[in-house]
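Coordinate analysis (summary)
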Amino acid sequence: MLQVAVVGSGPSGVYTAQSLLQQSRVPGVRVDVLDRLPCPYGLVRYGVAPDHEKIKSLQNNLRTVLADDRVRFLGSVEVGSGPLTPERLRELYDAVVYCVGAATDRRLGIPGEELAGSYSATEFVSWYSAHPDTDENGFLRVARSAVVIGVGNVAVDVTRILARGADELRSTDMPQSALDVLARSQVRDVHMVGRRGPSQAKFSTKELRELGALPDAEVVVDPAELALDPAWADPTSLPAVNRRNLEVLRGWSERAPQGRARRIHLRFFLRPVAILGTAGHVTSVRFERTLPDDQGQVTGTGQYEDLDAQLVLRSVGYRGVPLEGLPFDAGHGTVPHRAGRVLRDGAVSPREYVAGWIKRGPTGVIGTNRPCAKETASSLLDDAPGLVRQERGDDPLSALRAAGLRPVEWTGWQAIERAESELGAAQGRGSVKIPDWDGLLRAARDADDRA
Ligand code: NAP
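Here the structure is a predicted model, which means the values were calculated and not measured. (Residues numbered from 1 in each chain as written. Predicted model: local features only at pLDDT ≥ 70, side-chain atom pairs only at ≥ 80, totals over all residues. Heavy atoms only, no water.)

**Remarks on the overall build of the protein**
Looking only at helices and strands, the protein features 17 helices and 18 strands. The C-alpha radius of gyration of the protein comes to 23 Å, within 12% of the 22 Å expected for a compact globule of 451 residues. With the C-alpha coordinates aligned to their principal axes, the bounding extent of the protein is approximately 70 × 55 × 40 Å. For the protein, contacts bridging at least 24 residues in sequence account for 75% of all contacts bridging at least 6. Carbon and sulfur atoms form 49% of the exposed surface of the protein, whose accessible area is close to 19500 Å². Averaging the coordinates of the 56 positive side-chain charges in the protein and doing the same for the 58 negative ones gives two points 3 Å apart. (Helix = DSSP H or I, 4+ residues; strand = E, 2+ residues; numbered from the N terminus. Rg over C-alpha atoms; globule rule 2.2 N^0.38 Å. Contact = heavy atoms within 4.5 Å. Areas by Shrake-Rupley, 256 points an atom, 1.4 Å probe, with all protein chains shown as cover. Lys, Arg positive; Asp, Glu negative; His and termini not counted. Charge placed at Lys NZ, Arg CZ, Asp CG, Glu CD.)

**Some details on the site of the ligand**
Around the ligand, 23 residues are found, and the nearest of them are Val151, Arg195, Arg196, Glu207 and Gly364. Contact distances for the ligand include 3.0 Å between an oxygen atom and a side-chain N or O atom of Asn153. With the chains in place, 83% of the 920 Å² that the ligand exposes on its own is no longer accessible. At three residues, helix α7 (residues 153-163) tops the list of elements feeding residues into the shell around the ligand. Its residues placed into classes, the shell around the ligand shows ten nonpolar, seven polar and six charged. Viewed by domain, the shell around the ligand spans two of them, domain 1 (2-103 + 320-407) and domain 2 (106-317), each represented by three or more residues. (Near = heavy atom within 4 Å. Polar contact = N/O pair within 3.5 Å; in protein donor to acceptor, adjacent residues only side chain to side chain. Nonpolar A, V, L, I, M, F, W, Y, C, P; charged D, E, K, R; others polar. Domains from an automatic or database assignment.)

**With respect to the environment of Thr290**
Along the polypeptide, Thr290 turns up in strand β12 (residues 281-292). With relative accessibility at 0%, the residue Thr290 sits in the buried group. Those residues within four positions of Thr290 in sequence are excluded, and the remaining contacts are Arg195, Phe269, Leu270, Arg271, Val298, Thr299, Gly300 and Thr301. (Buried < 20%, exposed > 50% of the residue type's maximum accessible area, 1.4 Å probe, protein only.)

**Quick look at the sheet that holds strand β10 (residues 262-267)**
Here we have six strands laid out as an open sheet, ordered β6-β14-β7-β8-β10-β9, and parallel in their pairing. Edge positions in the open sheet fall to β6 (118-120) and β9 (217-221), since each of these has one partner strand only. Here the average twist between neighbouring strands, direction ignored, is 20 degrees. Alignment of β6 against strand β14 (residues 311-314), held across three bridges, turns out to be parallel. (Pairing = 2+ DSSP bridges. Axes fitted to C-alpha atoms, helices over the stretch in contact; angles between N-to-C directions.)

**Description of helix α12 (residues 240-253)**
Between its first and last C-alpha atoms α12 spans 20 Å; for 14 residues at 1.5 Å apiece the expected length is 20 Å, and the two agree. When α12 is considered as a whole, its buried residues turn out to be Asn242, Asn245, Leu246, Val248, Leu249, Trp252 and Ser253. Angularly, the buried residues of α12 cover 165 degrees about the axis, an arc narrow enough to put them on a single face. Looking at the packing, one finds that the buried side of α12 touches α10 (205-211), β9, α11 (223-226) and β10. (Expected span 1.5 Å × (residues − 1). Arc of directions from axis to C-beta.)

**Regarding the pattern of salt bridges**
Counting across every chain of the model gives 29 salt bridges. With a closest N to O distance of 2.4 Å, Asp382 and Arg25 form a salt bridge. One end of the pair, Asp382, is in helix α14 (residues 369-387); the other, Arg25, is in the loop between α1 (11-21) and β2 (29-34), and 357 residues separate them in sequence. In this structure Arg25 comes out as partly exposed when scored by relative accessible area, which is 47%. Measuring nitrogen to oxygen at the nearest pair gives 3.2 Å for the salt bridge that ties Arg160 to Asp157. (Salt bridge = Lys/Arg side-chain N within 4 Å of Asp/Glu carboxyl O.)

**What to know about the domain arrangement of the protein**
As assigned here, the protein comprises domain 1 (2-103 + 320-407) and domain 2 (106-317). The straight-line distance from the C-alpha centre of domain 1 to that of domain 2 is 33 Å. Taken together, the two surfaces of domain 1 and domain 2 that pack against each other cover about 1200 Å², and 53% of this comes from carbon and sulfur. On the domain 1 side of the contact with domain 2, Tyr46, Pro50 and Asp51 bury the most area, a combined 48% of that side's loss. Our count for the contact surface shared by domain 1 and domain 2 stands at three salt bridges. As a salt-bridge pair, Arg36 and Asp133 come within 2.6 Å of each other at their nearest N and O atoms. (Buried area = accessible area lost by both parts, 1.4 Å probe.)

**Describing the nonpolar core**
In terms of nonpolar packing, the biggest core is built from 52 residues, with Phe124, Tyr128, Leu162, Trp252, Leu266, Phe268 and Leu311 touching the most fellow members. Looking at which element gives the most residues to this core, the answer is α7, with six residues. Apart from residues lying up to four places away in sequence, Phe124 is in contact with Phe139, Val158, Ile161, Leu162 and Leu313. One finds Val4, Ala17, Val29 and Tyr46 within the second-largest nonpolar core, a separate group that totals 43 residues. (Core = buried A, V, L, I, M, F, W, Y, C linked by side-chain atoms within 4.5 Å.)

**Observations concerning the packing of helix α6 (residues 121-128) against α7**
For the pair α6 and α7, interaxial distance at closest approach is 10 Å and the crossing angle is 55 degrees. Taken together, the axes of α6 and α7 are oblique relative to one another. Between α6 and α7 the crossing geometry is left-handed. For the pair α6 and α7, contact is made by Ala121, Phe124, Val125 and Tyr128 and by Val154, Asp157, Val158, Ile161 and Leu162, respectively. The residue makeup of the contact of α6 with α7, split by class, is eight nonpolar, no polar and one charged. (Parallel < 35°, antiparallel > 145°, perpendicular 65-115°, else oblique. Left-handed = near helix turned anticlockwise from the far one by under 90°.)

**Topic: the packing of aromatic side chains**
Taken as a whole and judged by the stated rule, the model has eight aromatic pairs. On the numbers, 5.5 Å between centres and 35 degrees between planes, the contact of Phe124 with Trp127 is tilted. Residue Phe124 and its partner Trp127 are both found in helix α6; the two are separated by three residues, about one turn of the helix. The exposure class of Phe124 is buried, given its relative accessible area of 0%. Centre to centre, the rings of Tyr318 and Trp357 are 5.2 Å apart; their planes meet at 45 degrees, and the pair counts as tilted. Here Tyr318 is found in strand β15 (residues 318-319), whereas its partner Trp357 is found in helix α13 (residues 357-360), with 39 residues between them in sequence. By relative accessible area, which is 13% here, Tyr318 ends up buried. Look at Trp357 and you get buried, because its relative accessible area is 16%. Among the aromatic side chains, those forming a connected cluster through ring pairs are Tyr119, Phe124, Trp127, Tyr128 and Phe139. One cation-aromatic arrangement involves Arg250 over Trp232; the distance from NZ or CZ to the ring centre is 4.0 Å. (Phe/Tyr/Trp six-rings, centres within 6.5 Å; stacked < 30°, edge-to-face > 60°. Lys NZ or Arg CZ within 6 Å of the ring centre and 35° of its normal.)

Below, the structure written as structure tokens:
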């Protein structure tokens, strides 16, 4: 038997477990999937926007893997700080695969980033996704105009949620408290701003198009700003996604104003230089106008534009964080590896592997994790003959309990799911997420106590 711990139950962790099970080279593989949270699925539960039901339904595929007899989900188990160090995990399991993602946001490094009203997009996403570590509820308290910095898919998500009415989101699993805040929102203008040109924006076309299909919002694009892009006149040499993005933007720039309740302004060639405020609260963001150079980058022009904002969401990408006891490449925000095998001081560290964003950085869509996990699983299976121990110690679950941990097992998670259905039914809605640690653990433990 080969006993593997996968740390992290997001797509990369679950796809790793799946790859380890769906092979015939090494019989008798058993996988424990550990997660710091009592709930599985990582960013599929806590990152994918609530109105993206189709992507959310990927949870059904991930569930099939975690419900397999050869897999145990062990939630509410933190690795790194506390008794469960990477060293201890290596003693308990034949191999450990770290799939811990990129848990924090990148910083802009400009003055005013810390002002009240300035948040990372990650904080906003965590709030509307009911992440139990988030207790902030004041994003929209005074906001009439919002600036979203960055033009990736996360920027599109937060812009769309800001521009949607609460009624449109009632059918999602968003907590009622977040819906109530959105229902009171006074935000009328959302400016989503890129430092480079429209042909270099990172969003995908499907996500971009959705902004133009919102019932109460209209997209405003300035044709003169689009025309600054060198590819504007002749986009034929662009990759398909960028070409399609330009077509969509061109269509919007030619549209007459529609007089809708909210406006989404898509802006380009503006580099943020400072977040400005009075009495400690954001009032505007100062941008420097940029122009394209011939390297695909931009240079400043010394001309500035201030955009009014009482809410700023910095959406400039995620970043991996070091896990205590595991090597870390601070420059890339990843764990050094060779084909998924962790490297310590340049040499392969036996029994330790990585997959997902902590391996390759925060890029790609959910499906990108499949080949990434497969490569890591394949390295692990190649190494398997040297990993299986003759002498097997305690069942790792008993060892975790002996160390004072109380994992939420699959039955506990199923109880959380039931409690979320009941919560939604009581509100006349579908399933609604429980947003706090106490509520989640109470639901999980009640099931344990009844068992
Ligand atoms: P991203 O795609 O890397 O986009 C980051 C954006 O921030 C880019 O526009 C980037 O501009 C800009 N930026 C970076 N540093 C900046 C700075 N100092 N000043 C101004 N702008 C700056 O990151 P993301 O949007 O967080 O998405 C992360 C990953 O998740 C992506 O692979 C994304 O596709 C994926 N995702 C997918 C979906 C979906 O499929 N629906 C939803 C959410 C997330 P430059 O290009 O100029 O650097």
